[in-house]
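Chain residues, written in single-letter form:
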Amino acid sequence: KEDEEIEAAEKRLEPEAEPMLNSTPMRLLPKEADDGKPPPYEDCQLVEAPAIGRETWNQKIDFLLAVVGFAVDLGNVWRFPYICYRNGGGAFLVPYLVMYIFGGLPLFYMELALGQYQRCGCITVWKRICPMFKGVGIGICIAGTYVAFYYNTIMAWALYFLYQSIACTFNGGVLPWMTCQPDEPRCRTFEQKLNNSDIGKNCTTGENGTCTLSSSEVFFYKKVLEIQNSNGIGDVGGVKPEIAICLVIVFAIVYFSIWKGVKSSCVVHGNNALHCSANLANRGLMLEGSMGGIWYYLTPKWERLLDVQVWNDAASQIFFSLGPGFGVLLALSSYNKFNNNCYADAMITSSINCCTSFLAGFVVFSVLGNMAYRLGKDMDTVASEGPGLVFMAYPEAIGTLRGSVFWAILFFIMLITLGLDSTYGGLEAIITGILDEFPKLQRRRELFVLGLIVYCFIGGLATTTYGGFYVLNLLDQHGAPISLLFIVCVEGVALCWFYGHKRFSADVKKMLGFAPGPYWQICWTFISPVFLMAIFIANLIFYESRPVMVLGEAIPFPKWAIGIGWMITMSSLVMVPVYFFYKLAITPGTLKERFMKISQPEELPPHVEVLPLELLGQRRRQGGWR
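Just so we're clear, the structure is a prediction, and the values are computed from it rather than from any experiment.

Caption draft 1: Representation of the overall build of the chain within the structure. Along the chain, the regular secondary structure elements total 24 helices and 9 strands. A burial count over the chain gives 58% of its 626 residues as buried. Summarising the internal contacts of the chain: among those between residues at least 6 apart in sequence, 82% fall at separations of at least 24. Carbon together with sulfur atoms contributes 63% to the accessible area of the chain, which is approximately 26,100 Å² in total.

Caption draft 2: Expanded view of the state of the cysteines. Here the structure, examined in full by the defined rule, presents 1 disulfide. For Cys 180, the disulfide goes to Cys 187, at an S-S distance of 2.1 Å. Disulfide Cys 180-Cys 187: torsion about the S-S bond near -85°, hence left-handed. Under the relative-accessibility criterion, Cys 180 is labelled partly exposed at 28%.

Caption draft 3: Highlighting the UniProt feature "binding site: Na(+)" (unreviewed entry) in the chain. According to UniProt, the feature "binding site: Na(+)" (unreviewed entry) maps to Gly 69, Ala 71, Val 72, Asn 76, Ser 321, Asn 353, Leu 418, Asp 421 and Ser 422 in the numbering used here. These annotated residues cover 354 residues of sequence, but their C-alpha atoms sit close together, with the largest distance between any two at 13.7 Å. Inspection of the secondary structure puts Val 72 in the loop between helix H2 (60–71) and helix H3 (74–78). Residues within four places of Val 72 in sequence aside, it is in contact with Asn 353, Thr 356, Leu 418 and Ser 422. By the secondary structure assignment, Ser 422 is in helix H16 (residues 404–437).

Caption draft 4: Summary view of helix H5 (residues 93–118). An ideal rise of 1.5 Å per residue puts 38 Å on 26 residues; H5 measures up with 35 Å between its terminal C-alpha atoms. Of all the bends in H5, the largest measures some 50° and sits at Tyr 100. In terms of burial, H5 is largely enclosed, as 20 of its 26 residues are buried. One or two positions beyond H5, positive phi appears at Arg 119, with a value near 55°.

Caption draft 5: Representation of the packing of helix H6 (residues 134–167) against helix H22 (residues 575–586). Look at H6 against H22: their axes get within 7 Å of each other, and the N-to-C directions meet at 145°. Pair H6 / H22 crosses with right-handed handedness. Residues Lys 134, Gly 135, Val 136, Ile 138, Gly 139 and Ile 142 of H6 form the contact with H22, whose participating residues are Met 575, Val 576 and Tyr 579. Counted by class, the contact of H6 with H22 contains 6 nonpolar, 2 polar and 1 charged residues.

Caption draft 6: View of the nonpolar core. Grouped together as the largest cluster of nonpolar side chains are 183 residues, with contacts concentrated most on Trp 157, Phe 220, Phe 391 and Phe 412. Ranked by the residues each element gives to this core, the list is headed by H6, at 19 residues.

Caption draft 7: Quick look at helix H17 (residues 445–460). A rise of 1.5 Å per residue sets the reference length of H17, with its 16 residues, at 22 Å; its end C-alpha atoms lie 22 Å apart and thus fit the reference within 8%. Buried within H17 we find Arg 445, Phe 448, Val 449, Leu 452, Ile 453, Cys 456 and Gly 460. End-on, the buried residues of H17 take up no more than an arc of 135°, which puts them together on one face. Looking at H17, the residues exposed on the side facing more than 90 degrees away from the buried face are Leu 447 and Ile 458. The secondary structure elements touched by the buried residues of H17 are H6, helix H9 (241–258) and H16.

Caption draft 8: Local environment of the packing of H9 against H17. H17 packs onto H9 with a crossing angle of 155° between their chain directions and a minimal axis gap of 10 Å. On the basis of their axis angle, the class for H9 and H17 is roughly antiparallel. Once H9 is placed against H17, the crossing between them reads as right-handed. Contacts between H9 and H17 involve Ala 244, Leu 247, Val 248, Phe 251, Val 254, Tyr 255 and Ile 258 from the former and Arg 445, Glu 446, Val 449, Leu 450, Ile 453, Cys 456, Phe 457 and Gly 460 from the latter. When its residues are assigned to classes, the contact of H9 with H17 shows 12 nonpolar, 1 polar and 2 charged.

Caption draft 9: How the structure looks around the environment of Gly 565. Structurally, Gly 565 can be placed in helix H21 (residues 559–573). In this structure, the C-alpha to C-alpha distance between Gly 565 and Val 471, residues 94 residues apart in sequence, is 9.8 Å. With residues near it in sequence (within four places) discarded, Gly 565 still touches Leu 474 and His 478.

Caption draft 10: Summary view of the pattern of salt bridges. Enumeration over the complete set of coordinates arrives at 10 salt bridges. Notably, a salt bridge pairs Glu 603 with Arg 128, separated by 3.0 Å at the nearest N-O pair. Taken together, the residues Glu 603 in the loop between helix H23 (591–598) and strand E9 (608–612) and Arg 128 in the loop between H5 and H6 connect sequence positions 475 residues apart. Residue class for Glu 603 comes out partly exposed when judged on its relative accessible area of 26%. Using a relative accessible area of 8% as the deciding quantity, one classes Arg 128 as buried. We note a salt bridge from Asp 476 to Arg 546, for which the minimum N-O separation is 3.9 Å. One end of the pair, Asp 476, is in helix H18 (residues 468–478); the other, Arg 546, is in the loop between helix H20 (518–541) and strand E7 (548–550), and 70 residues separate them in sequence.

Here is what the cut-offs are and how they apply
- Residues numbered from 1 in each chain as written.
- Predicted model: local features only at pLDDT ≥ 70, side-chain atom pairs only at ≥ 80, totals over all residues.
- Heavy atoms only, no water.
- Helix = DSSP H or I, 4+ residues; strand = E, 2+ residues; numbered from the N terminus.
- Buried < 20%, exposed > 50% of the residue type's maximum accessible area, 1.4 Å probe, protein only.
- Contact = heavy atoms within 4.5 Å.
- Areas by Shrake-Rupley, 256 points an atom, 1.4 Å probe, with all protein chains shown as cover.
- Disulfide = S-S within 2.5 Å.
- UniProt positions renumbered as here; feature names shortened; annotations may be inferred.
- Expected span 1.5 Å × (residues − 1).
- Bend = angle between axes of the 7 residues up to and from the residue.
- Axes fitted to C-alpha atoms, helices over the stretch in contact; angles between N-to-C directions.
- Left-handed = near helix turned anticlockwise from the far one by under 90°.
- Nonpolar A, V, L, I, M, F, W, Y, C, P; charged D, E, K, R; others polar.
- Core = buried A, V, L, I, M, F, W, Y, C linked by side-chain atoms within 4.5 Å.
- Arc of directions from axis to C-beta.
- Parallel < 35°, antiparallel > 145°, perpendicular 65-115°, else oblique.
- Salt bridge = Lys/Arg side-chain N within 4 Å of Asp/Glu carboxyl O.

Spelled out as structure tokens, the structure:
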């Protein structure tokens, strides 16, 4: 009966109704109706077209490792454990899981599915969804370059620590941050702390009434950064050669890992980092006093659940941990095969990320618990976050262990591998977005990637100066966090309200064979946009420029530096309205007609065909579609 209906429809086909061929081979579009709109999908059949030669992953495991490597980054080690402790310990897991279920996971799945179906980067994808929001993709690329400016410098620090750890094996086997610098009278070693109970965390009152500092703190600021040679962010001084050389090595590793494309990407580092984390956790749990640190980490403080800031921290942590909105998930999944089960991928990789964050707490607090036990101090005196944790508190704790050199080398290898996979993903998002938008550049991918790497290196040189620590903190606070919240909120609205959650669900069904359930559609359409907008507004309301801790002193940013920070934030955020008005201005027609045109897809994915029913029988007999 279906064949008879198709044959009858073919007889009614008029010459002027022949399908139009666009620039992509084997892609047929139905003729537009009299009102200028394409015919409804009910009159057409969407089928998968023949492959168009886009690069794909060699194996599925390569894709999974790439996603896990991006999602599991330094924030899992230096931020989640401290935030968990600070916001109620075990009780923090309640808002964390709620935000994961209704915010992080739906956005994670949405980006993987969107990238896999559209098979393009964060800029080109908007031609196929809602062209007036193309500024979202441009803003993502701009924010991604800001992150690349400073994120790789952190790996350069870790590489310098690794070098110092290896070098000390030829100098008596004593880690350099376990001894005091001769030019710093306030410095106290761990052994001195054991003999002086008045010396606590960072900067406290010592025997002579002056401020005292740990040996690891002095080593980081005065040996690694040499921050004493700068006078704040207004006078950062020259470039420190050792850190600049380490940054060159980091970027060289990154370049030769991604220059050929995803098939040449090194995606095994995330797996190595997980092994390192497991070994460090196992060693930490064997230490005396470690369970005190674990108990401190997990003890629930249920009254904190009534604090709005706790929920805001949980939402921010899950969002920046999973990483939707950075364009990375979109880019990585665009190299998947059309029928890959991205739903299972989202569940597996997001779960691994959350479990790794939880594991990192055991890695950190077991060793810090041993340190607090030996000093006879409360955990409050040794717990910290950010650089203070991974470059001061934790290295000092490792230095007290038997076989400290081995554990220090293992720890810094873990930091470097965590950072490398994340920077692979971040740069691949920019590369895929630009190359898909300008296909001619794909023939010279190696040169384009080299140019991007050089650009990021030049931008990152400011963070390798003697005062680069100030620049890094400014970029960390303003480079991406605030702007990406707004950008991803717009992305969700554009996809589910303009493109339509029903149409997007139909796209997912064509790939997987089943449509997303009501839970996913409700989250995408209502909960996730509200989730993101709430975090964005909360960050604006509760915004405070965090001072930079240097040698026990909190140094605030001057107002002009904060102004530059907000200019950095706005430079990516403003791309959304700027492109919207630009697109509206160059589109012909009345205001209403222009708005309707720029809110409808301009093209379809090259691997998907829209066939009018009149042509279905003809194409069926010819073959070439599935």
